[in-house]
Amino acid sequence: MSSFEISKERIEALKAGHRVLAEFRYEPQPVEKGYAGRTLYVNVGTHTIATKPVDERMKRTFIGGRGFDLWLLWNAVSSDTRWDSPENEIVIASGPIGGTTQYPGTGKSIAVTLSPLTGVPIDSNVGGYFGPLLKFAGFDALEVQGIADEEVIVFIDGNQGLVQILTAPEESVNSHLLAEEMVALFGQTPQEKQGISSVSAGVGAEHTLIGCLNFSFYDPRRQLTRLKQAGRGGLGTVLRKKRVKALVVKYVGVKGDSNHPADLQPIQQVGARMHREIYERDPIMFTMRLDGTNHLTKIMNDYDILPVHNFRYGSHPEAEKIYSPHFQKYFRYDAPDGCWYGCTLACAKFAAGLELRSGPYKGQVVTVDGPEYETVAGIGANCGIWSAHDVLEANFYCDAYGIDTISFGTALAFVMECYEEGILNKEITGGLELKFGNGDAMLEALHQMGRGEGFGLIVGQGIRRMKQIFVERYGADPQFLQDIGMEAKGLEYSEYVTKESLAQQGGYGLANKGPQHDEAWLIFMDAVNNQIPTFEDKAEALHYFPMWRTWFGLNGLCKLPWNDVEPADNRVRYKGIEAAKVPEHVQNYVELFRAITGRDDVRSGDDLIRMSEGVYNFQRLFNLKMGQGTRQHDAIPYRSVGPVTDVEYESRAERYDQQLRELVGIDPTGMSTAEKRLALRRYREEQYEKLIDAVYKRRGWNENGIPTLEKVRELGLDFPDVVELIEKHSR
Amino acid sequence: MKVLVTNDELCIGCHLCEDVCSHVWYKEINRAKSSIRITSLGNAEWNMAVCNQCGQCIAVCPTQALSRDKQGVVRLKKELCVGCLSCVGFCPTLTFYVHPDYVEPIKCIACGLCTKECPTGAITIETLPDQEIVK
């Protein structure tokens, strides 16, 4: 049980603070073929609430989810809008397949905003019940615009047909409390509580640019709320800037046909088949049901791609200390762990019995959702903190404070390297000894973000701004910081070492939102199995996989059931890249899309790729609209390409020497490490540029990375303002 | 617990049990709606598949729609069921069924009406000690 139950007195106190600032009534109507047919607009600054229709062109061009988010945001902002402008929005959507109960991984929400870190749209996908419940409440997407004069919550009651903006002076800010408060306020029975989901951030999101959003769902067996995170890009920071404590949706009555699909039978068939596949295959494949995504930590360490000490190295002798068995002792397996109904892959692990050793809740025994691989790798391995307890404690506080564990881990690893290199010292950090491995200092930096004081606030600005601060204030070498600061487009890298995979360097560098692995994960295909040797092969993979992975975000889907479990005969029937596509599962998605939407013109995986291509190019153009989206913005730090320092070179000297001989045509004998390192660097940087050329060509973009007018017309994106934008940049 | 016990060797493949089951619960004779499935193995041999009330489905249900009643029978509360079919995929004996006319799955509740019609005694209803899993 949680330590954070809400008393009756507390509920009364919360209610006493509520004043209705705006109210909007609408006629609840059933979802048809996966679409509610309208979106909801809420301006917390002007107290405006309205609905907008979803027409056929919107469905065909943008499909749903991230596509709808981007289209609504595009129409809401101008090229002058900044993350903290009132016009900036948080847009949240499910998608036509979202809310399907029969198939695993169908409960994702996709949240989009202009990011405080990058200045361009960030998209972040997240579990929890919000997106599906929002759709069943009557809305394919929710736009939240404006900045409130006082603290508010937005409440959507899908059964009553009511939307309210309420003052919320008494509610908590930190998500682990706030989510419980929302359930206690708006739900009585377990069924009602399961019909409530909130979106919130925390005090850390107020004080940093790396704030995340927590999406809740109620766990009726354990009688508490669980939290999943839309982590990337500062979404939580934007929510708190708007003075929104929570977005709450209530819809009671989810059934197996709430999407009113065109044809239920194929959905039941592929769903039941997929559950069976997980039942039989997961225990002998990736043990997601047992370990969640953290099963990856061992694999990454074994293959030398686990980020260690700010991505200097790919493995560490102590990594075993943060492998799954050390977390299993916290995990409880007494309830199904899907973050939406019917997700039997159940990677949302539930840790209990964690006694906090620091911070405002010190001494309390708490529960934690997670940790995910990214959290273990980022806060654990990348910062050299080989303690399952400390990773879990940081995970708890990151969620509670509304801080993205990935940006936090990567940013702190950068700071730790700066500290060890003498760029920072105790005087600058206010006494924090931010060396690799110092769990106390890591936790204290996090609490400073929560309190809004100290050096933690600098860390919370993210790496791009820290580089500038360290150069200006402490005389750091800008080139060195550029080389070791693992950010691109302003976003911190997620947790994979890409030095030996050119394709994955592109997977990160060319990602629209910044370096997040959900667009492409090609390391095994490229560096381990050597299945995409030429630039053209890599470019093809950097077309197919980003488009394919984008498709999940258009439909309210999780990517994990696609390839974190495979049919028993997948690698018998298919080889190489084809096997990596998991064709049987692709066909499941074709069937799901057809059966729900009734679109008979969708027949193959290629049809799904075409859907994504439109949205993907639109997002690229959105970056252009915001003054970025060109070749210079696809640059990546050298730490992600090759060894920045002599020690890194020496750690893989044999491999690098061989590459100098065989690929560069230089005999390394007699050369100093620094000379060899620079020779390798020239070669690798040139390779990256050649890769970019090949990918742009494959995607139908010009050499500056801008989609051509021809491509835009082909994709049906030739809206007048899009055409004008492209013409402006081709002059 | 109350449970149906089958004996394949006595089964003659008349399918009467399937017909009774679908008729009792869905008011039509339609074997695709039965919670018992009789499959030919060739050579006049038959496989009888029906829920053994092992209850492993209870743990995977996200809405607590599945629970044991006082007689130890695993029952589905349809009003709580969201039709996710987790129970269908995770049934160790593959005896949870789906029909597209219904969003909820089809499950044996050990009513025993089929046993009264079985001409050979191939299917019987018995009360077994809890936890004992048959066939």
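Residues numbered from 1 in each chain as written. Chains lettered and ligands numbered in written order. Predicted model: local features only at pLDDT ≥ 70, side-chain atom pairs only at ≥ 80, totals over all residues. Heavy atoms only, no water.

### Focus on the overall build of chain B
Quick reminder of the rule: The helix count covers DSSP runs of H or I at least four residues long, the strand count covers runs of E at least two residues long, and both are numbered beginning at the N terminus. Only the C-alpha atoms count toward the radius of gyration. The rule for a globule is 2.2 Å times the residue count to the power 0.38. For each residue, the accessible area found with a 1.4 Å probe, counting protein chains only, is set against the maximum for its type, and the residue is called buried under 20%, exposed over 50%, and partly exposed in between. Contact definition: two residues touch when any of their heavy atoms are within 4.5 Å. Where accessible areas are quoted, they stem from the Shrake-Rupley method and a 1.4 Å probe; at the residue level, only the protein chains shown are allowed to cover.
Across its full length, chain B holds four helices and six strands. Over its C-alpha atoms chain B spans a radius of gyration of 14 Å, differing by no more than 12% from the 14 Å that the globule rule assigns to 135 residues. Taken over the C-alpha atoms alone, chain B extends approximately 40 × 35 × 25 Å along its principal axes. By residue count, 53% of the 135 residues in chain B fall in the buried class. The contacts in chain B between residues at least 6 apart in sequence include a share of 58% that link residues at least 24 apart. Only carbon and sulfur atoms are counted for the fraction: they give 53% of the accessible area of chain B, which is about 6,300 Å².

### Topic: the sheet that holds strand β13 (residues 244-250) of chain A
Residue and element names in this part refer to chain A. What counts is decided by this rule: At least two DSSP bridges between two strands are required for those strands to pair. For helices, the fitted line uses only the C-alpha atoms of the stretch in contact; every axis is such a line through C-alpha atoms, and the angle between N-to-C directions lies from 0 to 180 degrees.
Read across the sheet, seven strands follow the order β1-β9-β8-β13-β10-β11-β12 without closing on themselves; strand pairing throughout is mixed. Edge positions in the sheet fall to β1 (20-25) and β12 (224-230), since each of these pairs with one other strand and no more. Along the sheet, successive strands turn relative to each other by an average axial angle of 15°, direction set aside. Note that strand β11 (residues 213-219) and β12 share seven bridges and pair antiparallel. By the bridge assignment for β12, L213 is matched with A230.

### As for the pairing of strand β3 (residues 45-50) of chain B
In the sheet, strand β2 (residues 36-42) of chain B pairs with β3(B) via six bridges, with the strands oriented antiparallel. Looking at the pairing, B:S40 lines up with B:W46 of β3(B).

### A word on the sheet that holds strand β7 (residues 141-145) of chain A
Across a sheet, paired strands are connected by hydrogen bonds in the backbone, their directions being either parallel or antiparallel. All names here are of chain A. Ordered by their spatial adjacency, six strands build an open sheet running β3-β2-β7-β4-β5-β6, and the pairing between neighbours is mixed. Strands at the two margins of the open sheet, each flanked by one partner only, are β3 (48-53) and β6 (121-126). Averaged over all adjacent pairs, the angle separating strand axes in this sheet is 15°, with direction ignored. One ladder, built from six bridges, connects strand β5 (residues 109-114) with β6; its direction is antiparallel. Its bridge partner being in β6, V112 is matched across the sheet by D123. Relative to the sheet, helix α3 (residues 66-76) contacts β2 (38-43), β3, β4 (89-93), β5, β6 and β7, its axis offset from that of β5 by approximately 25°.

### So, the environment of A:A348
Structurally, A:A348 can be placed in the loop between α12 (324-328) and β14 (350-355). Not counting residues up to four positions away in its chain, the partners in contact with A:A348 are A:R226, A:K228, A:D337 and A:C339.

### What about helix α9 (residues 264-281) of chain A?
All names here are of chain A. Applied cut-off: Multiplying one less than the number of residues by 1.5 Å gives the expected span of a helix. Two N or O atoms form a polar contact when they lie within 3.5 Å of each other; inside protein one atom must be a possible hydrogen donor and the other a possible acceptor, and for residues adjacent in sequence the pair counts only when both atoms belong to side chains.
Taking 1.5 Å per residue, 18 residues should reach 26 Å; α9 reaches 26 Å between its end C-alpha atoms and fits that length. The element α9 is extensively covered by neighbouring structure, given that 13 of its 18 residues are classed as buried. Backbone nitrogen of Q265 and a side-chain oxygen of the N-cap are separated by 3.4 Å at the start of α9; the cap is D263.

### Details of the confidence of the model for chain B
The criterion, for reference: pLDDT is a per-residue confidence score from the predictor, ranging from 0 to 100.
Averaged over every residue, the pLDDT of chain B is 95; residues scoring 70 or more account for 96%. With pTM at 0.97, the complex prediction returns an ipTM value of 0.96.

### A short note on the interface of chain B and chain A
Quoted interface sizes are often the accessible area lost when the parts come together. Heads up, the condition is: Using a 1.4 Å probe, buried area is obtained as the accessible area two parts lose upon being combined, added over both of them. Note on definitions: salt bridges are taken to be side-chain nitrogens of Lys or Arg within 4 Å of carboxyl oxygens of Asp or Glu. Charged residues are taken to be Asp, Glu, Lys and Arg, nonpolar residues to be Ala, Val, Leu, Ile, Met, Phe, Trp, Tyr, Cys and Pro, and polar residues to be all remaining types, Gly included.
Facing 28 residues of chain B, the contacting portion of chain A comprises 23 residues. In total, about 2,100 Å² of surface goes out of reach between chain B and chain A, with carbon and sulfur atoms giving 58% of it. Considering only the surface of chain B that becomes buried against chain A, B:V82, B:F90 and B:V103 emerge as the three largest contributors, covering 28% of it. The shortest N-O distance in the salt bridge between A:K255 and B:E104 comes to 3.4 Å. The interface formed by chain B and chain A contains 13 residue pairs in polar contact (both at pLDDT 80 or more). Elements with a minimum of two residues in the side of chain B that touches chain A: α2 (56-60) and α3 (86-89) of chain B. Per-class residue counts for the side of chain B that touches chain A are 19 nonpolar, six polar and three charged.

### Quick word on empty space enclosed by the protein
All names here are of chain A. The criterion, for reference: Only protein atoms enter the 1 Å grid used here. Points where a 1.4 Å probe fits but cannot escape make up a cavity, open sets with protein on both sides within 12 Å along at least five of seven lines make up a pocket, and a residue lines them when an atom lies within 4 Å of a point. Grid points are joined across faces, edges and corners, and a volume is the space filled by probe spheres set on the points.
In this structure the tally under the stated criterion is six cavities of 30 Å³ or more. Forming the walls of the largest cavity are 13 residues, and the residues nearest its centre are H176, T225, L227, T367 and D369. Only α5 (175-186), β12, β15 (365-369) and α14 (388-401) provide two or more residues apiece to the lining of the largest cavity.

### Considering the packing of aromatic side chains
All names here are of chain A. Stated formally: Note on ring pairs: Phe, Tyr and Trp rings are taken, using the six-membered ring of Trp, and paired if centres are within 6.5 Å. Classes follow the plane angle, with under 30 degrees stacked, over 60 edge-to-face and the rest tilted.
Tallied over the entire structure, the rule returns 49 aromatic pairs over all chains. Between the aromatic rings of Y373 and Y496, the centroid separation amounts to 5.2 Å while the plane-to-plane angle is 25°, which identifies the pairing as stacked. Of this pair, Y373 sits in helix α13 (residues 373-381) while Y496 sits in the loop between β17 (491-492) and α21 (502-509), and the two are 123 residues apart along the sequence. Take Y373 and Y496: they sit in the same class, and that class is buried. Plain terms: the ring middles of Y496 and W521 are 5.3 Å apart, the flat faces sit at 75° to each other, and that makes the pair edge-to-face. Here the residue Y496 occupies a position in the loop between β17 and α21, and W521 occupies one in the loop between α21 and α22 (523-528), the gap between them amounting to 25 residues.

### With respect to the layout of surface pockets
Residues and elements named next belong to chain A. Taken as a whole, the second largest pocket holds about 480 Å³ of empty space. Put simply, the parts of the chain that give the lining of the second largest pocket at least two residues each are α21, α22, α23 (535-555), α30 (653-664) and α31 (673-699). Residues of the lining of the second largest pocket, tallied by class, amount to six nonpolar, seven polar and seven charged.

### Notes on unusual backbone geometry
Backbone torsion omega between A:G370 and A:P371 reads 10°, so that peptide bond is classified as cis. Locating A:P371 in the fold gives a position in the loop between β15 and α13. Despite not being glycine, B:Q53 shows a phi value in the positive range, around 60°. With a phi angle near 55°, B:L94 is a residue other than glycine that sits in the positive phi range.

### Observations regarding the confidence of the model for chain A
The predicted model of chain A has a mean per-residue pLDDT of 97, with 100% of residues at 70 or higher. Of all secondary-structure elements in chain A, the lowest mean pLDDT belongs to α22(A), at 92, while β7(A) reaches the highest, 99.

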